[in-house]
Amino acid sequence: MAEPEVVDVVVVGLGVGGEEVAERLAEAGLVVVGIERDLVGGECPYWGCVPSKMMIRAANALAEAHRVNELAGSAQVRPDWAPVAKRIREEATDTWDDKVAVDRFTGKGGRFVRGSGRLDGPNRVRVGDQVFEARFGVVLGTGTRPSIPPIDGLADTPYWTNHQAIEVEELPDTLLVLGGGAIGLELAQVFARFGVRVTVVEAADRVLAVEEPEASALAAEALRADGVEIRTGVRVGRVSHDGTGFTVHADGAAFTGEKLLVVTGRRAHLEELGLDTVGVDAGQRYLAVNDRMHVTDGIWAVGDLTGEGAFTHIAMYQAGIVVADVLDHMRRAKGGPDASGTASVVGGAAGVVSAVGGAMSAGGSTVAPGSVPVADYRALPRVTFTDPEVGAVGLTEQQARDRGINVQVGHTDLTSSTRGWIHKTGNAGFIKLIADADQGVLVGATSAGPAGGEVLSALLVAVHAAVPISQLRHMIYTYPTFHRAISDALRSLK
Ligand SMILES: Cc1cc2nc3c(=O)[nH]c(=O)nc-3n(C[C@H](O)[C@H](O)[C@H](O)COP(=O)(O)OP(=O)(O)OC[C@H]3O[C@@H](n4cnc5c(N)ncnc54)[C@H](O)[C@@H]3O)c2cc1C
């Protein structure tokens, strides 16, 4: 058996989270091995956030052009998918080639290994015949893959996941979308705006089921206006493919489509990671971590596989914590000051632990010795990039009530705001606020509408920093912006 090669840190999986950790630790001067079996950068740049938002940008341009007829004369629009596919191929993904990302990592001093890594006992990672022993730690950032429901017949069909949907060069005439979550709705609306007849089939009784019911209703209405057929509460019994198209059989009904896109969630594949060799249960749905992303001695995890929110911004946020904590461990291993017992959360938000000593630079950010942030997900933001956008932060009304919070709700419709009225066509949306009446702070909010994801930023600060509602009421909101509707929603809190 090959002698293990001793390095400082091994990062397994270089998606958004793992890549960030590996690059920043390499930049800080550590000997870092980064292992990736597919493309460095992971799902987000190649099959997720970036190309899907390029598609959405193009589809929204079409929708805006149609709105000319109501506001500014007349416009004839002829959708063409070719420039969208070209942009994704050439600008977003370099035809699904990660050379730029690999060079960026190695340029920072990292050592790149292409392959599948798995734990091989404490501090050890095996990739093929190579074994690495990590002096200071192993970071797992292996993400998730599409979760395919065990529907009779489905596995034998040539269904699409997000990969085929993003890589598509020629659009089908008809598309069935299994799953009415954020990804399903975003892609359904894009394809519909390019002329595809789309049917969304969702098992829950509403689309966007994790968000406020008002958000579900708004998104469903918007997609229906784009010609998308939405069927909720559907129990799919069987899927078949006859060589030219798909049939989804459900509750006596049958839905047909030339292609079938399955977007019913994502799954972490913990069973592949050798967790048993370090005494960690591989049967969990996600890899449990503490508030410093620690799995067990010498092992950290980052990103989607932690189950704290399948978003790039969560992976990046967690990566910052891992970098600081690994550097702190290294410092202590070298006999530096120990800050581990004094964690404190500052202002109820992601806090810092203070200690003394010289600063250490990691990827441009200075990490003071012993300054280890801890994870806090109270103000977790997310945006569904449909048109209108649905932005949300923190708790929904139901989640707040389930936690026994003394809830007050504020609501305002964007169409009745000055900006909404001026905007006219395409102005659908609302602001909904969830307040903890006893604490006098917001614990959740939804901002749906044109630029709903951008308007969210003010609400994100309010929830994250627990800004007193009395202060929010006495702020000056710019006239006539969409965000000014927040003041109307605050006034309606009851
Ligand atoms: C269509 C779509 C749209 C999205 N849009 C958004 C959005 O708008 N905003 C947002 O915040 N998020 C969005 N997301 C989610 C976002 O892409 C993920 O949250 C993010 O990619 C998670 O990063 P990660 O590093 O945890 O995992 P991943 O990006 O999944 O990367 C994990 C990497 O690990 C590698 N790997 C796995 N196992 C091994 C192994 N054993 N050895 C070596 N390598 C391994 C994989 O090949 C992969 O490259 C979207 C996702 C999809 C599918």
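Residues numbered from 1 in each chain as written. Predicted model: local features only at pLDDT ≥ 70, side-chain atom pairs only at ≥ 80, totals over all residues. Heavy atoms only, no water.

A. Main features of the state of the cysteines. Enumeration over the complete set of coordinates arrives at one disulfide. There is a disulfide in this structure between Cys44 and Cys49, and the S-S distance comes to 2.3 Å. Taking the torsion about the sulfur-sulfur bond, which here is approximately -135 degrees, the covalent link between Cys44 and Cys49 counts as left-handed. On the basis of relative accessibility, which here comes to 30%, the residue Cys49 falls in the partly exposed class. (Disulfide = S-S within 2.5 Å. Buried < 20%, exposed > 50% of the residue type's maximum accessible area, 1.4 Å probe, protein only.)

B. Up close: the sheet that holds strand E22 (residues 407-413). Taken together, five strands build an open sheet; the order of strands is E20-E21-E24-E23-E22 and the sheet is antiparallel. Two strands bound the open sheet, and with one partner strand each, they are strand E20 (381-384) and E22. Taken over all neighbouring pairs, the strand axes of this sheet differ in orientation by 10 degrees on average, direction set aside. Where E22 and strand E23 (residues 430-436) come together, seven bridges link them in antiparallel fashion. Looking at E23, one finds that Gly410 is bridged to Leu433. Packed onto the sheet, helix H12 (residues 452-464) meets E20, strand E21 (389-394), E23 and strand E24 (441-449) and runs at close to 175 degrees relative to E24. (Pairing = 2+ DSSP bridges. Helix = DSSP H or I, 4+ residues; strand = E, 2+ residues; numbered from the N terminus. Axes fitted to C-alpha atoms, helices over the stretch in contact; angles between N-to-C directions. Contact = heavy atoms within 4.5 Å.)

C. The arrangement of the nonpolar core in detail. Core analysis: the largest hydrophobic core is formed by 96 residues, its most contacted members being Phe191 and Val198. Residue contributions to this core peak at seven residues, all from helix H9 (residues 312-333). Ignoring any residue separated from it by four or fewer positions in sequence, one finds Val198 in contact with Leu175, Val177, Ala188, Phe191, Ala192, Gly227, Val228 and Glu229. One finds Ala462, Ile469, Leu472 and Leu493 within the second-largest nonpolar core, a separate group that totals 24 residues. (Core = buried A, V, L, I, M, F, W, Y, C linked by side-chain atoms within 4.5 Å.)

D. Spatial organisation of the sheet that holds strand E12 (residues 246-250). Read from one edge to the other, the open sheet built from three strands follows the order E11-E12-E13, with strand pairing classed as antiparallel. With partners counted over all chains shown, the strands left at the sheet margins are strand E11 (236-241) and strand E13 (253-257), one partner each. On average, each strand axis in the sheet is inclined to that of its neighbour by 20 degrees, with strand direction left out of account. In this sheet, E13 lies alongside E12 in antiparallel orientation, the contact comprising five bridges. Note on E13: the bridge partner recorded for Phe246 is Gly257.

E. Representation of the side chain of Arg67 in the model. Assignment of secondary structure puts Arg67 in helix H3 (residues 49-71). By relative accessible area, Arg67 is classed as buried at 16%. Polar side-chain contacts of Arg67 include one of 2.6 Å to the side chain of Glu64. Looking at Arg67, its side chain comes within polar contact range of the side chain of Asp387, at 3.0 Å. (Polar contact = N/O pair within 3.5 Å; in protein donor to acceptor, adjacent residues only side chain to side chain.)

F. Structural context of the confidence of the model for the protein. The pLDDT averaged across the protein works out to 93; a share of 93% of its residues lies at or above 70. Note that residues 340-367 has pLDDT below 50 and, in this model, 63 contacts with residues that lie over four places away or in other chains. (pLDDT = per-residue confidence, 0-100.)

G. The packing of aromatic side chains, seen in detail. Under the defined criterion, the tally for this structure stands at four aromatic pairs. Ring centres of Tyr46 and Trp47 lie 5.8 Å apart, and the angle between their planes is 50 degrees; on these two criteria the pair is classed as tilted. A relative accessible area of 6% places Tyr46 in the buried class. (Phe/Tyr/Trp six-rings, centres within 6.5 Å; stacked < 30°, edge-to-face > 60°.)

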